[in-house]
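Listed below, chain by chain, are the residues.
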Amino acid sequence: MLFGRQKEQDRLRQVIAGAAAGRSGVLVVRAEPGTGKSALLDAAAAEAGIRVLRGSGVETEAELPFAALHLLLRPLLGGLDALPEPQADALRGALGLARSSGSDRFLIGLATLTLLAEAGPLACLVDDAQWVDRASLEALLFAARRLDCEGVALVFATRAVSRDLLASAALPELVLEGLDREAALGVLAEHAPGLPAHVRDRILAESGGNPLALIELPSMDVDSLSAGPLPLPHRLQEAYQERIAGLPQDTRTLLLALAAEDLDAALRATGLSVAALASAEHAGLVAGGAFRHPLVRAAAYQGATFAERIAVHQALAAVSEADRRAWHLAAAATGPDEEVAAALEATAHDISGYAVERAARLTPAVPDRVRRLTAAATLAADSGDSDRARVLIDQAAHLGGGSADLARLRARIEFEHGSPGTAWRLLSEEPSLLVEAARVAWSVGDLDGLRAVRDRLNGDTGTLISGAIELLSGDPGQGLALIRERASEHRREGADGLRIGATSVALLSGDLLTAREHLLALAADLRSRGAIGWLPGVLATLAEAETLLGLGRETASEALAIARDTGQVRHAAHAGGLLAYAAALRGDDPADARGSSGESLGGAGYAGEGDWAERARAVLDLGRGRFEAAFDRFEALATRPLAVYFLADQVEAAVRGGRPERAPVDRFGRWAAACGQAWAAAVHQRCLALLAEDPNDHYEQAVVCPDLPFQQARSRLLYGEWLRRSRRKTEARAQLRPALEYFEHAGAAPWADHARAELRAAGEQVAAAQDDALSALTPQELQIVRLAATGATNKEIGAQLFLSPKTVGHHLYRAFPKLGVSNRTELAQRVGGL
């Protein structure tokens, strides 16, 4: 019976009942040691009514990659063959069941999600999560963020710390406080009945409502425990150490080995039998071959002498294999040892760098130590542990580490965390990293940074940077010509330096269809290989191309979801800005942008950041007729990458806002002529029409723009408006009808309202706006519906979108009634018709 935990038990019951009903849920239980986290999980497991998986972090294994995940998933490993092959291979490699393939670390998290989903409904209870190794915790957190309707309840119990990986995940939390007086008296009555009143009151005061203290203090000297500044858990641990010290030597040895490994390994390493644990069981320290509480484990390990710990780790190494052997040898090392360091460095799937870091500490030769510290820093940065990466970089630098490699890594961390200026400075201080400094400067439109780098470079690379500067701030036609020429030579000659890939050249040249084709192929390749970590950047760039083409927002939504799940802040901000822009085109406030499942992005730190978010505000101003504000916003972004695509918007804002002399029509015209794209020439004609006394011929050419239907519709709207004001209403209606049809289909409410008003003014009866059936779907539902309409199975869709098949089925279940269909055949017909 648990005393005083009714509300907490009810909370866990709700999460587990949801899983039993097919709704997944996640909960983090936080509490001080001894407050009853484990007891709460035990009670939840006992009454779950569904399958239960139990796992626990172990302090001595906190740096052993995937140790906790292996323990947790062991009962499910028979289902590995049912997973998509890349996921199964990744998980087998991570858990040491097959040779490691070096898979994307996020693919291991996806495999964990799929394995749990296929086994649902189940309750997955992870105790002592503060000691779960980072690799396991990252995999479980990736799964936790993507849980939906698989019937999985994932509960973590952890220490009450304010800053850790679980805290940064922003999952729902339940905090356990100390028991109130009534509940505390209930615990004492059950475990220590008949205490004198003064002893009982002293224990109540000393315990602070801590259940473990209430159970243990009656058997201890309360007066001695009350002395000194140590917190209660430390005082309890000292008491456990005193109890262990009074046990026979064999028992203490076996307890020490058990604190560092499982019971089977401990018995083999010590040569003892389980009978040696009998006195520890009688002392209330172990039960069923396991410690009764983590504080007992800590007391058994930390209370041993240094020599005793070394001897036990040596014995455990002798009976262990591969990775675990390396870790025990490292724990037994008393000084530098290259053989042990090399074994640690070879540890499979050291995705967080702890093994390499430990190897560096054991490395005798300074150059090798620097190399390993740098490698550990890189792995730490890859896993999102930037603070630890910075510490390792500093240590490598102190030993005289290569300044270029460390500067590149420092710059990468700064850039990813929103400090491009610092990143540029670090890179520009190293002559060998000037090209990378130029890339950083280009990405944020830093003209001074680009010029500074160009002045220090010679040959084609300097010329290429000159082209970038011209494209951003000078003659974009000349700049584009230089970039195309030099990029072509780099590809042909295989030269080193600043390489502009075919996709980048296509984007800079206005060839959006080619850019999209390349990016779709790259994304498909990454999906097939399960390279999840690379996807957010590729998808965000793909979403840029699709946004400029006037296509839907589902790619940006997926990019945001994966970027959030993988902790890639910069790509999340990029995708969030694109969603904010899509919201503005619909006439919504950018702060009301929605994610892949329809969740609000407001306050999440993504909508409202970056160039695209500011463009969102500008285009919203333009659509609502706030032309002066729109012009000021577009002008402020005029030197940013891809700004040429918005020069036409700036022209319209300038002309309609009464500032035609500031319209950058010539600049856009030079770029349009150089890029050679029909859509750009058509949009340039629209710009000329806005400034012409007789714009008819310009508008006639502007509306011939089939590649970019959104731009074509905007040209038709402006042309129709001019025709209507010129009393050519029949011709006006011929332009305004297709414009309105497109805007309504695209959900571009401000432009649709404008077109509808113009049609009415031109003498046509216009029906109220009709909802597009597809617009009722969330971006994720729309992605799934389109794939299902091609005949893809739930498993195939899940593998492509990194979702569980059950989640795919749930989204289809919700989408069918929205589309008025009841099966996949009808779905294919319906989607094809729309």
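Our subject is the structure listed above.
Residues numbered from 1 in each chain as written. Predicted model: local features only at pLDDT ≥ 70, side-chain atom pairs only at ≥ 80, totals over all residues. Heavy atoms only, no water.

### Description of the nonpolar core
With 140 residues, the main nonpolar core has L69, L91, F156, L171, Y645, W671 and F743 as its most contacted residues. Not counting residues within four places of it along the chain, the set of residues in contact with Y645 comprises A506, L507, G510, D511, L512, L548, W671 and W679. Core analysis: the second largest hydrophobic core is formed by 40 residues, A184, L212, Y240 and A269 among them. (Core = buried A, V, L, I, M, F, W, Y, C linked by side-chain atoms within 4.5 Å. Buried < 20%, exposed > 50% of the residue type's maximum accessible area, 1.4 Å probe, protein only. Contact = heavy atoms within 4.5 Å.)

### Considering the packing of aromatic side chains
Taken as a whole and assessed by the stated rule, the structure comprises 15 aromatic pairs. For the ring pair Y719 and W722, a centre distance of 6.4 Å and an interplane angle of 20° mean the geometry is stacked. Of the two residues, Y719 and W722 both sit in helix α40 (residues 709-725), three residues apart, roughly one turn of that helix. Relative accessible area serves as the criterion here: at 22%, W722 is assigned to the partly exposed category. Taken together, the aromatic side chains of Y581, W612, F634 and F646 make up a single cluster linked through ring pairs. For the cation-ring pair, R309 lies above Y301, with the distance from its terminal atom to the ring centre recorded as 5.5 Å. We note R615 situated over the ring of W612; from NZ or CZ to the ring centre the distance is 4.9 Å. (Phe/Tyr/Trp six-rings, centres within 6.5 Å; stacked < 30°, edge-to-face > 60°. Helix = DSSP H or I, 4+ residues; strand = E, 2+ residues; numbered from the N terminus. Lys NZ or Arg CZ within 6 Å of the ring centre and 35° of its normal.)

### Description of unusual backbone geometry
A cis amide bond links G120 with the next residue in sequence, P121, at an omega value of 5°. Following the sequence through the fold, P121 ends up in the loop between α5 (105-119) and β3 (122-127). Its identity as a non-glycine residue notwithstanding, D128 has a phi of 50°, on the positive side. The phi torsion at L642 lies on the positive side, around 70°, for a residue other than glycine.

### A word on the side chain of T547
Mapped onto the secondary structure, T547 falls in helix α31 (residues 535-549). Discounting residues that sit within four places of it in the chain, T547 has contacts with L578, Y581 and W612.

### Digging into the environment of W671
Of note, W671 is situated in helix α37 (residues 665-675). A sequence separation of 196 residues divides W671 from D475, and the C-alpha atoms of the two residues are 7.7 Å apart. Apart from the residues within four sequence positions on either side, W671 is in contact with L471, P476, G477, L480, L508, S509, G510, V644, Y645, W679 and A680.

### Here we look at the pattern of salt bridges
Enumeration according to the criterion identifies 62 salt bridges in this entry. In this structure, E721 and R725 form a salt bridge, with 2.9 Å as the shortest nitrogen-oxygen distance. Placement of the pair is E721 and R725 together in helix α40, with a separation of four residues, close to one helical turn. By relative accessible area, which is 4% here, E721 ends up buried. Residue R725 is classed as exposed on the basis of its relative accessible area of 57%. (Salt bridge = Lys/Arg side-chain N within 4 Å of Asp/Glu carboxyl O.)

### So, the sheet that holds β3
The parallel open sheet is built from five strands, whose spatial order is β2-β3-β4-β1-β5. Looking at which strands have only one partner, the edges of the open sheet turn out to be β2 (51-56) and β5 (173-175). With direction set aside, neighbouring strand axes in the sheet form an average angle of 15°. The pairing of strand β1 (residues 25-31) with β5 spans three bridges and is parallel. Looking at β5, one finds that V29 is bridged to L174. With respect to the sheet, helix α1 (residues 6-20) is in contact with β1, β3, β4 (152-159) and β5, its orientation differing from that of β1 by roughly 155°. (Pairing = 2+ DSSP bridges. Axes fitted to C-alpha atoms, helices over the stretch in contact; angles between N-to-C directions.)

### Some remarks on the pairing of β4
Among the eight residues that make up β4, eight are buried, leaving the element largely enclosed by the rest of the structure. Strand direction decides the pairing type here: β1 and β4, joined by seven bridges, are parallel. Note on β4: the bridge partner recorded for R30 is T158. Pairing geometry for β3 and β4, over five bridges, is parallel. Bridge pairing in β4 places L122 opposite V152. Crossover connection from β3 via helix α6 (residues 134-146) to parallel β4: handedness right-handed. (Right-handed = clockwise from strand over helix to strand, strands pointing away.)

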